Each structure stands twice: as C-alpha cells, then as structure tokens.
Amino acid sequence: MSKIKRGVSLYSYQDEFYTGKMNLEDCIREASKAGATGIEFLPEQMLPTFPNISDDFVKQWHEWMEKYQVEPIAYDAFLDNKLFANRMLTTSENVDMMKRDLKIANRLGCKILRTLVSTPLEVVKQSLPYAEEMNVKIALEVHAPFTFGTPWFEERLDFIKESGTKWFAIMPDFGIFAKRIGSIFQDRYIREGGTPEIIKMVSDNYENGVNKDETFEKVSKMAEANETDKSFAEFCRHFVYTDPAILTENMPYIAHIHGKFYDITEDYQETSIPYHDVVKTLKDAGYEGYICSEYEGNRHIQDYMEVDSIEQVRRHQALLEKVIG
C-alpha cells in the first residue's frame, strides 16, 4: 500500500475566505471533513496581524489541529523583494524575512516552508543554518511556466546536489503536468466572446504538442481571429506539460507536492492534468510525503456561477484517494 498522504492547502478556499463565507477554522474543518490529514497554511493571506503572530493564536492553531485530527505540514512564504518603490530589498533584508518566516513556521509546527522562484539562491544559502535550527526545510516550488530543465531550476537543483544539504528541497506543482487545456478554460474564453473553432484549434494544438509560440503567431495573423482568441492563445503559452517520469530521477530531492487542480468533474476527473499518470509515477518511485489539494479553478468561473471550493476540494480528495490506492 502506498504511503502517500493527503493534505489541503487552505489557499483552495480563498474565494469563500475572501467573501467572508468561511473563517480560518471553517477552512481547517472542511479540509478534515474532505479526508485530509495535513494542512498547508498561508498566514500572509489569512491572518490580518501578519507577521505579528501572537502566542494566543499559536495556542488556538494547535488546538484546531488536535480538534480536527490534522497536522500542520507546510507554510507558504512570499519573499517581498519590492516592498519599496525605489529599490529592491538587500540580501540581508531578504534573509531576515526568510528567518522571520522560518520562525513562524516552527511555531506553527510546519516542517516545510514553501518559497518561490523569485527567491534569490543566495538568500536560501544564507538561511539554511537557521532552517536547520528551526527544523524547517525550505522547499522551492516548481511552478508553471517554469519546470524541470529551466535554468533557474537547474541552478538550484545543482546546489542541492553539490552541497548535500538536507534543508533545501523541491516542491513540484501538478500544474507543470498540464496535458490538456481543460474545458474550464475553453468555456471561459468562449463566454468572453472567443470563436469556438479557434479556441478548439488552439487547445488541440497544445494537446498535440504543437509549439505554443507558433500557435500564438498563427492566431495573431488570422483575419477572423478576434482579441479574445488572441488572448486565449497567449494564455495557453503559460501552460506546460512535463513528462511525469522526471519525478523519478529527482525523487531524493522532493519534500512536498502541490496537487494543483482547476476543475474536478462529477465523475471525478481533472480535465487538464493526467492525475493517474502522475500519481502512479510517484507511487512507483516510493514517494511517502504529502500531496496537498490546491484549487485554482475559481477565478475562471466567477463570472457566471458561484464558486464551491468545498465541493471541489472534496472531489479532489476523493480522486487522490482513488489514484493513491
């Protein structure tokens, strides 16, 4: 039996949280009800007092973990390089910010700190001794349109391999395995005035491996293509499909995974990402960490229907349970 565990990033409930339909405890409760045992948290999004985290809140947080029988897994950090209009933050200021987040993650019981592509490698290097002190591993999110093999990623992976550090790892996001342009995206652009035949052609080209830039250039030159068609072709340039086999050779460096999804149908299928193929690869390679549900389809349906993140996460957890086995 696979030892892969299932969690939920509370980012998945952003729509209901923003509109006030759910508070933080509601999000944790719904993640637990969906069958998750791990929680990924974004304090910067969900705590008005951030970065000031009181002892009372930390106590309440751990009480919620116990009440809903879940554990804190990952802390999503954002390195705000552009806090000032006239300059970027210095390396030492960035390191201080990283240390601040590592300390908060430790207080909340999270063993993983998610960092982004915008985080300079030098900042990570200088933060590693503190990461070890806090017992929190820094994990770099591998997120579309970047993926394995791109220069920024390879530079960081080379450092992980050459240094032998145990405190810097990678966090693949399932968005890098988008095999198709899902119906949720096609439908949105058609509602906005896109030409159905052109939208289908762009989507088919993507699925068939046609160069995305060439498709964009083709649509840009089509007399019958309107601005929405061109916008869709541009939008599709930001998707990537990576062969899941790449996970196997990089398994020693994977600490955590974002189970990105955009839409789970009533028959529990994700229309963009081949979940069975990706999860089977992880199972065969012996991955034993968490896959956390991360719902991002809300922004593509808000124009015509009410978002139901609770149901989408429930379906996603059911899909994961089935494919993990």
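Small disclaimer: the values here were computed from a predicted structure and weren't measured. Throughout, a residue's number is its position along its own chain's written sequence, starting from 1. Reporting of local features is limited, given that this is a predicted model, to residues whose pLDDT is at least 70; pairs of side-chain atoms are given and counted only at 80 or more, and all residues count toward the totals for whole chains, interfaces and linings. The basis for every side-chain value is the complete set of non-hydrogen atoms in the structure, without hydrogens or water.

A. Region of interest: the sheet that holds strand β7 (residues 257–261). Read across the sheet, eight strands follow the order β6-β5-β4-β3-β2-β1-β8-β7 without closing on themselves; strand pairing throughout is parallel. Only two strands of the sheet have a single neighbouring strand rather than two, namely β6 (168–172) and β7. The average angle at which neighbouring strand axes cross in this sheet is 30°, direction not considered. Paired strands are those between which DSSP finds at least two bridges. Put simply, DSSP marks the helices as runs of H or I at least four residues long and the strands as runs of E at least two long, and each gets a number from the N terminus on. Relative to strand β4 (residues 112–115), strand β3 (residues 71–76) runs parallel, the two being bridged by three bridges. Considered in β4, the bridge of Asp76 is made with Arg114. Contact between two residues is taken to exist if any of their heavy atoms lie within 4.5 Å; hydrogens are not considered. Axes here mean lines fitted to C-alpha atoms, for a helix over just the part in contact, with angles spanning 0 to 180 degrees between N-to-C directions. Taken strand by strand, helix α5 (residues 91–108) contacts β2 (38–41), β3, β4 and β5 (137–142), and its axis lies near 165° from that of β3.

B. Inspection of the nonpolar core at higher detail. Buried residues of nine kinds, namely Ala, Val, Leu, Ile, Met, Phe, Trp, Tyr and Cys, make up a nonpolar core once their side-chain atoms join them within 4.5 Å. Buried, partly exposed and exposed residues are distinguished by accessible area as a fraction of the type maximum, computed with a 1.4 Å probe on protein chains only: under 20%, between the cut-offs, and over 50%, respectively. In this structure, Ile28 and Phe174 are the most contacted members of the largest nonpolar core, which totals 103 residues. What fixes the domain bounds is an automatic or database domain assignment. The residue makeup of this core includes at least three contributed by each of domain 1 (5–178 + 240–324) and domain 2 (183–236). With residues near it in sequence (within four places) discarded, Ile28 still touches Leu10, Ile39, Trp61, Trp64, Met65, Tyr68 and Val70. If you look at the next biggest cluster of nonpolar residues, it comprises six residues, including Ile73, Ile112, Ala139 and Tyr290.

C. Broad picture of the domain arrangement of the protein chain. Each assigned domain of the protein chain is listed here: domain 1 (5–178 + 240–324) and domain 2 (183–236). Taking the mean C-alpha position of each, domain 1 and domain 2 sit 30 Å from one another. The interface of domain 1 with domain 2 comprises twelve residues on the first partner and eight residues on the second. Surface buried jointly by domain 1 and domain 2 totals about 880 Å² across both partners, of which 54% is contributed by carbon and sulfur atoms. Definition used for salt bridges: Asp or Glu carboxyl oxygen within 4 Å of a side-chain nitrogen of Lys or Arg. The interface formed by domain 1 and domain 2 holds one salt bridge in total. Among the ionic pairs, Asp303 bridges to Arg191, the shortest N-O distance being 2.8 Å. Polar contact criterion, stated in full: a pair of N or O atoms within 3.5 Å, where within protein one must be able to donate a hydrogen and the other to accept it, and residues adjacent in sequence count only if both atoms are side-chain atoms. For the pair domain 1 and domain 2, the number of links is six residue pairs in polar contact (both at pLDDT 80 or more). Here the term charged refers only to Asp, Glu, Lys and Arg, the term nonpolar to Ala, Val, Leu, Ile, Met, Phe, Trp, Tyr, Cys and Pro, and the term polar to all other amino acids, Gly among them. Of the residues assigned to the side of domain 1 that touches domain 2, the class counts are six nonpolar, four polar and two charged. Throughout, buried area stands for the accessible area (probe radius 1.4 Å) lost by two parts on being put together, summed over both.

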